[in-house]
Amino acid sequence: MGSLFRSETMCLAQLFLQSGTAYECLSALGEKGLVQFRDLNQNVSSFQRKFVGEVKRCEELERILAYLVQEINRADIPLPEGETSPPAPPLKQVLEMQEQLQKLEVELREVTKNKEKLRKNLLELIEYTHMLRVTKTFVKRNVEFEPTYEEFPPLENDSLLDYSCMQRLGAKLGFVSGLINQGKVEAFEKMLWRVCKGYTIVTYAELDEPLEDPETGEVIKWYVFLISFWGEQIGHKVKKICDCYHCHVYPYPNTAEERKEIQEGLNTRIQDLYTVLHKTEDYLRQVLCKAAESVYSHVIQVKKMKAIYHMLNMCSFDVTNKCLIAEVWCPEADLHELRRALEEGSRESGATIPSFMNTIPTKETPPTLIRTNKFTEGFQNIVDAYGVGSYREVNPALFTIITFPFLFAVMFGDFGHGFVMFLFALLLVLNENHPRLNQSQEIMRMFFNGRYILLLMGLFSVYTGLIYNDCFSKSVNLFGSGWSVSAMYSSSHTPAEQKKMGLWNDSIVRHNRVLQLDPSVPGVFQGPYPLGIDPIWNLATNRLTFLNSFKMKMSVILGIIHMTFGVILGIFNHLHFRKKFNIYLVSVPELLFMLCIFGYLIFMIVYKWLVYSAETSRVAPSILIEFINMFLFPASETNGLYSGQSGYTLVRKDSEEEVSLLGSQDIEEGNNQIEDGYREMMCEEFNFGEILMTQVIHSIEYCLGCISNTASYLRLWALSLAHAQLSDVLWTMLVRVGLRVDTTYGVLLLLPVIALFAVLTIFILLIMEGLSAFLHAIRLHWVEFQNKFYVGAGTKFVPFSFRLLSSKFSDDVA
Amino acid sequence: MLEGAEFYFNVDHGYLEGLVRGCKASLLTQQDYINLVQCETLEDVKIHLQTTDYGNFLANQTNPLTVSKIDTEMRKKLCREFEYFRNHSLEPLSTFFTYMTCSYMIDNVILLMNGALQKKSVKEILVKCHPLGRFTEMEAVNIAETPSDLFNAVLVETPLAPFFQDCMSENTLDELNIELLRNKLYKSYLEAFYKFCKNHGDVTAEIMCPILEFEADRRAFIITLNSFGTELSKDDRETLYPTCGKLYPEGLHLLAQAEDFDQMRRVADHYGVYKPLFEAVGDGSGGKTLEDVFYEREVQMNVLAFNRQFHYGVFYAYTKLKEQEMRNIVWIAECISQRHRTKINSYIPIL
């Protein structure tokens with residue numbers, strides 16, 4: 001049974017870490033992940049602890065590293081993830097690392113700032129050229145179509161908008177032109193109109209290519225606008241409005257030559273900027289590539305360092321301030337490992353006085369550690385989800401490994417479905433080292449973690465499917481049915497005999513839609529089918545009645561065995577915790593109650609199966625009535641199940657007495673317990689009334705619980721029935737329809753029908769039904785099984801281990 | 001709204017109400033304040049705030065940390081939350097949100113106009129503007145020379161436009177006029193908001209009306225207090241009082257006649273709600289200021305707003321509580337950075 005039966009023994013150890021070597025020791029401990037630290041400074045707030053400065057430094061390093069990773073990702077440089085995780089950096093290296101990183105950050109910030117500036121410059125120039133290009137068309141259009149200018153004295157067309165001409169007219173015409181964000185155009189125009197009271201003319205056109213904002217990287221659509229206005233006052237206002245709407249305003253050239261000149265100048269400057277920008281980007285890339293090589297190990301190292309300081313913050317200083325005292329929980333089996341790790345740490349730091357440890361006795365409850373492997377992990381998780389086991393109590397996970405898949409399979413009993421599930425799980429198990437499966441998300445991850453559970457569930461479903469003789473709702477005739485139809489039709493009897501025995505003749509066969517096989521006729525029933533249900537039931541109309549009775553009884557039997565087992569496990573707990581009186585006063589009465597009522601029910605079921613045969617079946621009494629009568633009228637003289645039944649009443653009376661005594665006995669138990677506690681603690685007040693109440697409630701709860709829990713196990717029957725019916729419906733509605741069609745079209749039709757059948761089988765029967773059976777199996781374990789013995793009030797052992805730190809970049813970026 | 005709108009409330013606003021209640025749970029607790037007060041440096045404040053719901057909102061700030069950096073980041077956080085609420089809201093909750101932002105918008109407009117008066121650049125003042133009251137036309141405020149200009153050119157399309165009806169005048173904008181404008185705007189804003197909540201009915205009216213009544217009366221008191229010893233005439237003063245409070249109408253008349261703090265206190269004595277507040281005000285040297293007392297009362301009302309369900313008041317209350325919390329943090333941070341620890345405990349505790 002090993003370590004899975006109970007959690008491991010723990011001991012509280014005190015570590016005396018010399019202040020010079022504490023860091024190295026913890027680094028060694030973290031690599032091994034042996035111990036759980038206790039927080040000795042709980043009432044000190046986080047910023048008043050000893051090593052807060054170091055933690056701050058780690059955070060600063062993390063900030064720089066996050067910045068580096070962000071920049072590297074932005075430049076699309078692949079980040080190499082190392083296979084091995086580097087150890088926490090020695091203290092001497094930390095400063096060096098910090099300096100190096102800080103230098104890198106400063107350099108990087110400078111280069112990126114330069115780059116941004118260059119890009120912004122470039123963008124401005126590009127915008128300017130766009131503006132020049134677009135506004136040229138505005139002016140031309142104005143010249144040709146704008147009626148506003150008709151009232152001016154006729155001038156030559158090409159110089160109409162010439163600035164100097166306008167000046168000659170006495171009105172000072174001004175232009176403001178630039179670019180504006182697409183979304184703001186409308187509001188901008190309105191505001192212009194209102195402020196300037198219509199003394200402006202605004203023309204704008206959409207820029208065909210969107211430009212990228214260098215700061216946010218957003219691609220924005222722009223409009224080019226040109227505002228012409230008279231008078232300086234309005235000009236000021238227009239400029240202010242432009243500022244308000246964050247327009248990019250560029251000087252507007254007055255003459256065509258000027259425009260050309262500017263454009264040429266811009267083009268050369270853009271060319272220059274491009275080359276400079278390329279150079280800068282190349283340099284930046286070089287820097288980043290160099291940084292990318294070491295960034296992974298740096299990230300891991302800083303994380304480890306931070307974890308170490310967090311742990312050191314939990315230690316307290318001794319009086320002389322020379323060494324740190326840490327209190328840790330450590331499994332007893334690992335104590336020598338712990339010693340070795342401390343030695344290693346001391347040796348590494350070259351300290352003269354070694355760090356050492358000693359165990360200290362404690363009354364506190366240690367954390368629970370149950371070592372698992374990849375097979376048992378899933379089952380342990382099912383148990384832990386209900387509650388982590390109390391220290392050293394019997395761990396139900398061990399038994400869950402078999403009972404869980406079995407109970408699941410009872411509800412999921414189908415040979416075919418089970419086999420598909422088994423194959424799926426097998427696929428996962430065989431490929432479990434595949435990296436894509438390891439990193440899969442959400443639902444797939446859930447399946448992957450439960451692959452061994454799935455595997456066993458599939459296997460057991462195959463088994464129960466064989467017993468139920470169900471394969472996609474059809475039975476398989478492997479060994480030949482034990483029933484023979486021809487015997488019903490035998491002609492060796494006289495007609496009178498035939499009538500008496502209900503044998504068939506031609507007229508009966510012809511006129512009756514339903515015929516009944518009678519097992520009492522010799523030769524009709526030749527003995528049971530070797531494995532599971534006889535396939536002939538698949539044809540019978542009373543198949544459901546037969547299966548219901550079988551499955552119902554089976555689930556009650558399984559349930560009671562399961563619960564009785566739970567009560568017996570309770571005895572192991574009492575033995576281990578040295579509470580002998582609990583065995584006599586709790587477990588034995590509980591067992592008696594369970595066995596005398598429900599054990600007797602099982603006995604009756606089995607007895608009836610064995611004793612009554614086809615011939616005597618008509619006189620067989622109903623178990624249900626017998627069972628009820630047993631409680632109500634012990635003297636009722638119906639013909640009982642068996643001859644000595646009245647004798648049982650005596651036994652039953654005993655059991656009833658047991659029931660009535662149970663309450664008081666439990667009270668005694670309560671007394672004993674508290675007296676024990678009284679001796680130990682000397683402080684807990686003895687309150688008889690309260691204890692009486694809780695014990696009475698407990699007794700009643702157990703008695704009622706037994707009944708309701710037994711009823712609860714009927715879900716095994718209900719779910720298995722539902723599953724069988726659902727798969728039957730799927731078969732009749734799809735495949736049978738497909739098979740009935742004519743041979744010529746049938747082939748064509750059968751293909752989509754089978755495909756649909758497969759899809760529905762997987763989604764409804766395998767996934768949906770599987771999930772519901774899974775949930776019910778979990779419930780049966782958590783409630784019906786575990787409440788018989790499992791307290792589950794422990795805390796999990798969480799070792800200080802670097803392996804628990806995530807070694808991904810993802811959460812740095814986030 | 002129909003009678004018993006509680007039935008339908010969750011269809012439209014249930015998600016947001018749940019969200020805002022969750023946000024309210026993240027307000028700093030008494031224990032947090034006790035820890036914050038013990039901090040030695042701003043770095044300690046940052047470390048402590050990291051353990052609360054603020055998370056590492058200061059992580060990207062380069063050293064050295066200053067109070068204003070903390071303040072801006074906190075405001076940004078509140079603004080993000082508020083924007084989220086607002087973007088996911090449906091009518092009439094979105095109108096309610098618009099009303100909520102109006103008060104910040106008024107403050108921003110006044111701030112910008114004052115800045116323009118003192119010939120400061122717009123950018124410099126924009127930093128100081130509250131992000132909740134930001135709107136695009138805001139920066140053009142300094143174009144205007146007179147209130148009517150301001151209305152016609154800049155604010156006509158903003159939610160502030162309806163509040164301008166009472167204050168259209170051709171006066172030039174000097175410092176006094178701006179202050180008058182602010183109070184008039186605020187008066188009509190409060191009245192409009194009050195009317196909106198009243199018309200909305202249901203629990204929203206039951207919760208919001210007392211809060212807004214209190215807000216109106218508080219303004220009346222504060223205006224009175226600030227006008228002592230200024231050239232503001234008593235009639236002018238009365239026109240500035242919001243008329244939706246409990247003081248309306250008799251109390252406001254009396255307040256308009258008050259000439260010093262004692263007379264004001266006598267007016268408040270007529271009202272059961274305000275009497276204890278004025279009694280709590282310390283005299284001169286020690287004790288609380290009138291402002292602090294009002295703040296405490298406001299916090300109390302806002303916290304109580306969370307006791308009822310199916311109303312919009314929670315959004316208002318949450319924003320106000322968060323603001324108060326930010327004021328507290330800034331106060332504590334200021335005390336720490338200026339090494340002026342004697343008054344560090346006079347933040348307003350949020351219950």
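Reading the values: the criteria
Residues numbered from 1 in each chain as written. Chains lettered and ligands numbered in written order. Predicted model: local features only at pLDDT ≥ 70, side-chain atom pairs only at ≥ 80, totals over all residues. Heavy atoms only, no water. Helix = DSSP H or I, 4+ residues; strand = E, 2+ residues; numbered from the N terminus. Buried < 20%, exposed > 50% of the residue type's maximum accessible area, 1.4 Å probe, protein only. Contact = heavy atoms within 4.5 Å. Areas by Shrake-Rupley, 256 points an atom, 1.4 Å probe, with all protein chains shown as cover. Buried area = accessible area lost by both parts, 1.4 Å probe. Salt bridge = Lys/Arg side-chain N within 4 Å of Asp/Glu carboxyl O. Disulfide = S-S within 2.5 Å. Pairing = 2+ DSSP bridges. Axes fitted to C-alpha atoms, helices over the stretch in contact; angles between N-to-C directions. Patch = residues over 30% accessible without salt bridge, like charges linked within 9 Å, V, L, I, M, F, W, Y side chains within 5 Å. Lys, Arg positive; Asp, Glu negative; His and termini not counted. Charge placed at Lys NZ, Arg CZ, Asp CG, Glu CD. Core = buried A, V, L, I, M, F, W, Y, C linked by side-chain atoms within 4.5 Å. UniProt positions renumbered as here; feature names shortened; annotations may be inferred. Phe/Tyr/Trp six-rings, centres within 6.5 Å; stacked < 30°, edge-to-face > 60°. Lys NZ or Arg CZ within 6 Å of the ring centre and 35° of its normal. Parallel < 35°, antiparallel > 145°, perpendicular 65-115°, else oblique. Left-handed = near helix turned anticlockwise from the far one by under 90°. Expected span 1.5 Å × (residues − 1).

A.B. asks: Quick rundown of the overall build of chain B? Include the residues and the values.
C.D. replies: Per the secondary structure count, chain B includes 15 helices and zero strands. Within chain B, the proportion of its 351 residues that are buried is 53%. Considering only contacts within chain B whose residues lie at least 6 apart along the sequence, 65% involve residues at least 24 apart. For chain B, the exposed area adds up to about 16100 Å²; of that, 51% sits on carbon and sulfur atoms.

A.B. asks: Could you give an account of the overall build of chain A, naming the residues involved and the relevant values?
C.D. replies: Along chain A, the regular secondary structure elements total 25 helices and eleven strands. The proportion of buried residues among the 814 residues of chain A is 45%. Considering only contacts within chain A whose residues lie at least 6 apart along the sequence, 80% involve residues at least 24 apart. When the accessible surface of chain A is totalled, it reaches about 44400 Å², and 59% of it is carbon and sulfur.

A.B. asks: An account of the interface of chain A and chain B is requested, with residue identities and associated values reported.
C.D. replies: Contacts between chain A and chain B engage 21 residues on the former and 23 residues on the latter. Interface of chain A and chain B: buried area, both sides summed, is about 1800 Å²; carbon and sulfur atoms make up 58% of it. Counting across the chain A and chain B interface gives one salt bridge. Residue Lys 56 of chain A is joined to Asp 44 of chain B by a salt bridge in which the shortest nitrogen-to-oxygen separation is 3.9 Å.

A.B. asks: I'd like to hear about the state of the cysteines, residue by residue, with values.
C.D. replies: Residues and elements named next belong to chain A. Following the criterion strictly, the structure yields zero disulfides over all chains and no others. Free of any disulfide, Cys 247 has its nearest neighbouring cysteine sulfur in Cys 242, separated by 4.5 Å. Cys 11 provides the cysteine sulfur closest to Cys 330, a residue in no disulfide bond, and the two sulfurs are 5.7 Å apart.

A.B. asks: Lay out the sheet that holds strand E3 (residues 173–181) of chain A with the relevant residues and their values.
C.D. replies: Residues and elements named next belong to chain A. Taken together, the four strands give an open sheet; going across it, the order is E4-E7-E3-E8, and neighbouring strands pair in antiparallel fashion. The open sheet has two edge strands with one neighbour each: strand E4 (200–206) and strand E8 (248–250). In this sheet, adjacent strand axes meet at a mean angle of 25° when their direction is disregarded. Summarising the sheet, E4 and strand E7 (residues 222–230) pair through seven bridges and their orientation is antiparallel. Bridge pairing links Glu 206 to Tyr 223 in E7. Against the sheet, helix H7 (residues 232–244) makes contact with E3, E4, E7 and E8, and its axis sits at roughly 160° relative to E7, the strand it touches most.

A.B. asks: Describe a negative patch on the surface, with residues and values.
C.D. replies: A cluster of acidic side chains, namely Glu 257, Glu 258, Glu 261 and Glu 264 of chain A, defines a negative patch on the protein surface. By the element assignment, Glu 264 of chain A lies in helix H8 (residues 256–312).

A.B. asks: Which residues make up the nonpolar core, and what are the values?
C.D. replies: In this structure, Phe 188 of chain A together with Phe 96 and Phe 193 of chain B are the most contacted members of the largest nonpolar core, which totals 146 residues. The contact partners of Phe 96 of chain B, leaving out residues within four places of it in the chain, are Phe 193, Phe 196, Cys 197, Met 208, Tyr 312, Gly 313, Phe 315 and Tyr 316 of chain B. If you look at the next biggest cluster of nonpolar residues, it comprises 66 residues, including Ala 397, Phe 399, Met 411 and Ala 425 of chain A.

A.B. asks: Give a description of a nonpolar patch on the surface that names residues and reports values.
C.D. replies: A grouping of Leu 624, Ile 625, Ile 628, Phe 631 and Leu 632 of chain A is seen on the molecular surface, where their side chains present a nonpolar patch of about 490 Å² in accessible area. For Leu 624 of chain A, the position within the fold is in helix H20 (residues 623–632).

A.B. asks: Lay out the UniProt feature "transmembrane region" (unreviewed entry) in chain A with the relevant residues and their values.
C.D. replies: All names here are of chain A. Cross-referencing UniProt, the feature "transmembrane region" (unreviewed entry) maps to residues 406–430, 451–468, 554–572, 584–607, 619–636 and 745–768 in the present numbering. Helix makes up 88% of residues 406–430 and strand 0%. Its end C-alpha atoms lie 23 Å apart. Secondary structure across residues 584–607 comprises 100% helix and 0% strand; the distance between its end C-alpha atoms is 30 Å.

A.B. asks: Kindly report on the packing of aromatic side chains, identifying the contributing residues and their values.
C.D. replies: All names here are of chain A. Here the structure, examined in full by the defined rule, presents 54 aromatic pairs over all chains. Consider the rings of Phe 565 and Phe 785, whose centres lie 6.2 Å apart with planes at 5°: the pair is stacked. With a gap of 220 residues between them, Phe 565 in helix H18 (residues 543–576) and Phe 785 in helix H24 (residues 743–785) connect regions that are remote in the sequence. Just above the ring of Tyr 67 sits the side chain of Arg 109; from NZ or CZ to the centre is 4.0 Å.

A.B. asks: Got a sec to walk through the packing of helix H1 (residues 6–25) of chain B against helix H4 (residues 67–87) of chain B? Specific residues and values, please.
C.D. replies: Residues and elements named next belong to chain B. Close contact between H1 and H4 brings their axes to 10 Å; oriented N to C, the two are set at 165°. Between H1 and H4, the angle is such that the two are roughly antiparallel. The handedness of the crossing between H1 and H4 is left-handed. Of the residues in H4, those touching H1 at Tyr 15, Leu 16, Leu 19, Val 20 and Cys 23 are Glu 81, Tyr 84 and Phe 85.

A.B. asks: Describe the pattern of salt bridges, and please don't skip the residues or the numbers.
C.D. replies: Tallied over the entire structure, the rule returns 34 salt bridges over all chains. Where Glu 62 of chain A meets Lys 306 of chain A, a salt bridge forms, and the shortest distance between an N and an O atom there is 3.2 Å. Of the two residues, Glu 62 of chain A is situated in helix H3 (residues 52–74) and Lys 306 of chain A in helix H8; the sequence distance between them amounts to 244 residues. Judged by its relative accessible area of 17%, Lys 306 of chain A is buried. Salt-bridge contacts for Arg 21 of chain B lead to Glu 17 of chain B; the nearest nitrogen and oxygen are separated by 3.0 Å.

A.B. asks: For H18 of chain A, give the residues involved together with the corresponding values.
C.D. replies: In a regular helix each residue adds 1.5 Å, so 34 residues correspond to 50 Å; H18 of chain A covers 49 Å between its end C-alpha atoms and thus fits that length. With its phi angle positive at about 55°, Arg 578 of chain A sits one or two positions after the end of H18 of chain A.

A.B. asks: Give me the environment of Phe 546 of chain A: which residues, what numbers.
C.D. replies: Residue and element names in this part refer to chain A. As for its position among the elements, Phe 546 is in helix H18. The class of Phe 546 is partly exposed, set by a relative accessible area of 29%. With near-sequence residues (within four places) excluded, Phe 546 lies in contact with Ile 533 and Trp 537.

A.B. asks: Please set out unusual backbone geometry residue by residue, giving values where relevant.
C.D. replies: For the bond running from Glu 91 of chain B to Pro 92 of chain B, omega is -5°, close enough to zero to count as cis. Positionally, Pro 92 of chain B belongs in the loop between H4 and helix H5 (93–117). Of note, Arg 392 of chain A is a non-glycine position whose phi angle comes to about 65°, a positive value. With respect to the secondary-structure elements, Arg 392 of chain A resides in the loop between helix H10 (376–386) and helix H11 (397–411). A positive phi angle is found at Phe 310 of chain B, which is not glycine, with a value near 60°. Here Phe 310 of chain B is to be found in the loop between helix H14 (290–305) and helix H15 (313–337). Under the relative-accessibility criterion, Phe 310 of chain B is labelled partly exposed at 22%.

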